[in-house]
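Listed here are the chains, written in short residue letters.
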Amino acid sequence: MRVPKIFWNYFSLFFAAVISVQVATVIVDFIEKTSRDQVKKELLTGGVNWANVETVGLQVFLIGNAPNEAGRFNAISLAGNAVDAERLIDQMNIIDNSNIKSPNLKLEILKNGNDISVYGIVPERFNKPAFLSSLQRQSGSSGLVREFIEYSSNKGNQNWDRSIRFSLSVLDKVKLARLEIIPTMVQGEVVAESLEQKNLLIKQLAEDIPKDLKQRINVKSPRPLITPFSFRATKGKELFRLDACTADNEEAASKILKEVTKLSGKKGLKCEIGLGKPSDSWLSVVLSTLNALSNINEGSVTIIDDEISFVVQKIDAEPEFKTVLQTLENALPDGYLLDAKLISYTEEKTDLGGTAVLTLSPEGLFQMNGTVRLQTTRTTLTSLAEAKFGKDFVNNKLKIDGSMPQDWSDLIMFGIESMALLKNGFIEINNSGVSVSGEANEANIAIKIAQNFYGKLTLTQPLKTKISYVEPPKFVELEGPSDEECLGGVDNLLVERKITFDPSSDRINLDGQQLLDEIADVLRDCEELSLEIAGHTDSQGREEMNLQLSQSRATAVLIELQRRKVLTSNYVAKGYGEVQPIAGNDTEEGREINRRIEFKLAPTKEVERDKSE
């Protein structure tokens, strides 16, 4: 069958149309891609990275959020360099920045030993070099200071500056800290090395906080390691005394003190909390011994780790003592050793070693009275006393009697050890017992004295202690030199020398560097000094250039002092140019005198203004 001719005509037209569409599609895609790539390249080259480009045929659409009208116009102009402006379709929006606020000022500081990390947002005119210099001084040569600080358009005020200075003073007192600083408050937590330092820090923070500034700093102290764990209580006629108490947590301490309060009628007693208890049964052991002590007339209980000494000096009947003892033994867990004694005063007492008396005066003079059998014993006791109290503070009045059957030399030795724990005291040793009284600067000192004599006394020798706690004298930190003394020390170094620079430069030469070393040694002891470093020039050259040179030289001195670990947070560098000559500028000698660096006290307002700038 023959295909009609007209079919071929229509087929040719259809095929040509298909080819034309395909060619046109390829051309349009090529134009779109080329236009899109060229416009994108122009935008990126011009720094416009927020705009997207889309193409439909010959039309080029600019899409995105312009930061402002100028940014939108800039994007259109850049795109117009790549394609005709008539092909551009603007579909960009302008972001409303009126409600966008600058981030709040905030700094966080982490201190771990000698390493310090600081990060946050600071005012645009914050003196970061001086701040980091202060941190580096605290960190020392072996420490590391890491900073991640960004600037804000917010302007700091005096409260912000006060917060920074207060925080630096807090960090200087501790080794572990986390502080958060905002313009009106400093908060966080610090770790004290001891309970005493914790109490001192709390007091100092309350006193040092500037006016109009608040602080919420939690001061923590690690629980100390107590060794040995100990407890001692004494009961006498119309007397119940807590000599020493230790516990591993607040709850245990509260339960012990509650029971002691029932027996003594006294409130406000203290129990030291720390690590080191010999077993989980410590609380029940203490409560059991207190229960035993409540069932006798007179006696004492001493617990040192897992050893218990229960001394009964008076009880209604000996069978009753056995009942109390049996009850205590049944209550004690395995692992505790009980040494119980019932002292019978009906037994005939012989005076085996006379009486020995040891005294320690508040001035530190130690004296021994009594009798020992051997000269070597007396010499040994003298040497021990001199080692404890000093050779010039020992008065040995011990006599020698070789006819004595025995003496108290061992107990005298333990008495010397015990007296060294006291501020002043009196110890009497005889056949009737050992009596220790006095004052101590450390709480719970009676338990340490009991440890010294533990196991050394006879059945008829009770240990009686009456130690009063006296708060130790406060350590008064010596004040540093006054501002005038600091400035005088610097001026003395500048009498015949001066800080010199390379000609027409702010580079300090070798002689000037050596002089700065000596000046830095003086200024390191003057942490609170407000100082102005003033730069001056002669009158040669243009006045404006001289002013700039004097300012750059004063700033160079400030930077060199910072490098030498001088705290310069209260320093101001100021150039005066040629306007304050101290000699004539018509001679070389006079011009040399006028080219100088001076140090003078800076007014507080001047320092505050310089920091804000």
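Up top you'll find the structure we're talking about.
Not measured: the values here are computed from a predicted model.

**Considering the nonpolar core**
- Core analysis: the biggest nonpolar cluster contains 33 residues, and Phe231, Val301, Ile303 and Phe310 have the highest contact counts within it.
- Listed by contribution, the elements that provide at least two residues to this core are β10 (230-236), β11 (239-247), α6 (250-264), α7 (282-294), β13 (298-304), β14 (307-314) and α8 (318-331).
- With six residues, α7 is the single largest residue contributor to this core.
- Ignoring any residue separated from it by four or fewer positions in sequence, one finds Ile303 in contact with Phe229, Ser230, Phe231, Trp282, Val285, Val286, Thr289, Ile308 and Ile447.
- Core analysis: the second largest hydrophobic core is formed by 30 residues, Leu107, Ile109, Val145 and Ile217 among them.

**Considering the sheet that holds strand β24 (residues 596-601)**
- Pairing is mixed in the open sheet, where three strands are placed in the order β23-β22-β24. The open sheet terminates on both sides in strands that have one partner only, identified here as β23 (571-577) and β24. For this sheet, the mean inter-axis angle between neighbouring strands, taken without regard to orientation, is 25°.
- Inspection of the sheet shows strand β22 (residues 531-536) paired to β23 by six bridges, in the parallel sense.

**Brief notes about unusual backbone geometry**
- A positive phi angle is found at Ser504, which is not glycine, with a value near 55°.
- Locating Ser504 in the fold gives a position in the loop between α12 (483-493) and α13 (510-523).
- By relative accessible area, Ser504 is classed as exposed at 71%.
- Positioned with a positive phi, Lys565 is a non-glycine residue whose angle comes to about 65°.
- Checked against the element boundaries, Lys565 lands in the loop between α14 (543-563) and β23.
- For Lys565, a relative accessible area of 37% puts it in the partly exposed group.

**Overview of the packing of α13 against α14**
- Contact geometry of α13 with α14 gives a least axis separation of 10 Å together with a crossing angle of 60°. Between α13 and α14, the interaxial angle falls into the category oblique. The hand of the α13/α14 crossing is right-handed. Facing α13, whose interface residues are Gln513, Leu516, Ile519, Ala520 and Leu523, α14 presents Val557, Glu560 and Leu561.
- When the residues that make up the contact of α13 with α14 are grouped by side-chain class, the tally is six nonpolar, one polar and one charged.

**A short note on the pattern of salt bridges**
- For the coordinates displayed, the defined rule picks out 23 salt bridges.
- For the salt bridge of Lys106 with Glu180, the shortest nitrogen-to-oxygen distance reads 3.7 Å. Here Glu180 lies in strand β7 (residues 176-182) and Lys106 lies in strand β4 (residues 106-112), a separation of 74 residues in the sequence.
- Classification of Lys106 by relative accessible area gives partly exposed; the value is 34%.
- Across the pair Glu518 and Arg497 runs a salt bridge whose closest N-O atoms are separated by 2.8 Å. Taken together, the residues Glu518 in helix α13 and Arg497 in the loop between α12 and α13 connect sequence positions 21 residues apart.
- Within this structure, Lys498, Asp538, Glu588, Arg591, Glu592 and Arg595 form a network of salt bridges that share partners.

**Details of the side chain of Thr537**
- Tracing the sequence through the fold places Thr537 in the loop between β22 and α14.
- Owing to a relative accessible area of 4%, Thr537 belongs among the buried residues under this scheme.
- Apart from the residues lying within four places of it in its own chain, the contact partners of Thr537 are Asn546, Leu549, Ser550, Gly577, Glu578, Asn594 and Arg595.

**Description of the state of the cysteines**
- In total, this model carries two disulfides according to the counting rule given.
- Disulfide partner of Cys486: Cys526, at an S-S distance of 1.9 Å. In this structure, the disulfide formed by Cys486 and Cys526 twists by about -100° around the S-S bond and is classed as left-handed. Remark: Cys526 occurs in the loop between α13 and β22 and Cys486 occurs in helix α12; sequence separation between them is 40 residues.
- Accessibility expressed as a relative area gives 4% for Cys526, which makes it buried.
- Numbered in order of appearance, the disulfide-bonded cysteines of the protein are paired 1-2, 3-4.

**Things to note about the pairing of strand β8 (residues 185-191)**
- Across seven bridges, β7 lies against β8 in antiparallel orientation. Bridge pairing in β8 places Ile182 opposite Met185.
- The turn linking β7 back onto β8 is made up of two residues.

**Some details on a nonpolar patch on the surface**
- Residues Leu110, Tyr119 and Phe148 make up a contiguous nonpolar surface patch of roughly 280 Å² in combined accessible area.
- By secondary structure assignment, the location of Phe148 is in strand β6 (residues 145-152).
- Looking at Phe148, the relative accessible area reads 54%, which means it is exposed.

**Some details on the sheet that holds strand β1 (residues 51-56)**
- Taken together, three strands build an open sheet; the order of strands is β1-β2-β3 and the sheet is mixed. The open sheet has two free edges, formed respectively by β1 and β3 (88-94), since each of these has just one partner strand. Averaged over all adjacent pairs, the angle separating strand axes in this sheet is 15°, with direction ignored.
- Sheet analysis places β1 next to strand β2 (residues 59-66), joined by six bridges and oriented antiparallel. Bridge assignment links Val56 to a residue of β2, and that residue is Gln59.
- Here helix α2 (residues 69-80) sits on the sheet and contacts β2 and β3; the angle it forms with β3, its principal contact strand, is near 160°.

Cut-offs used in this document
Residues numbered from 1 in each chain as written. Predicted model: local features only at pLDDT ≥ 70, side-chain atom pairs only at ≥ 80, totals over all residues. Heavy atoms only, no water. Core = buried A, V, L, I, M, F, W, Y, C linked by side-chain atoms within 4.5 Å. Buried < 20%, exposed > 50% of the residue type's maximum accessible area, 1.4 Å probe, protein only. Helix = DSSP H or I, 4+ residues; strand = E, 2+ residues; numbered from the N terminus. Contact = heavy atoms within 4.5 Å. Pairing = 2+ DSSP bridges. Axes fitted to C-alpha atoms, helices over the stretch in contact; angles between N-to-C directions. Parallel < 35°, antiparallel > 145°, perpendicular 65-115°, else oblique. Left-handed = near helix turned anticlockwise from the far one by under 90°. Nonpolar A, V, L, I, M, F, W, Y, C, P; charged D, E, K, R; others polar. Salt bridge = Lys/Arg side-chain N within 4 Å of Asp/Glu carboxyl O. Disulfide = S-S within 2.5 Å. Patch = residues over 30% accessible without salt bridge, like charges linked within 9 Å, V, L, I, M, F, W, Y side chains within 5 Å. Areas by Shrake-Rupley, 256 points an atom, 1.4 Å probe, with all protein chains shown as cover.

Interpretation note: all reported values are geometric properties and have no functional meaning in isolation.
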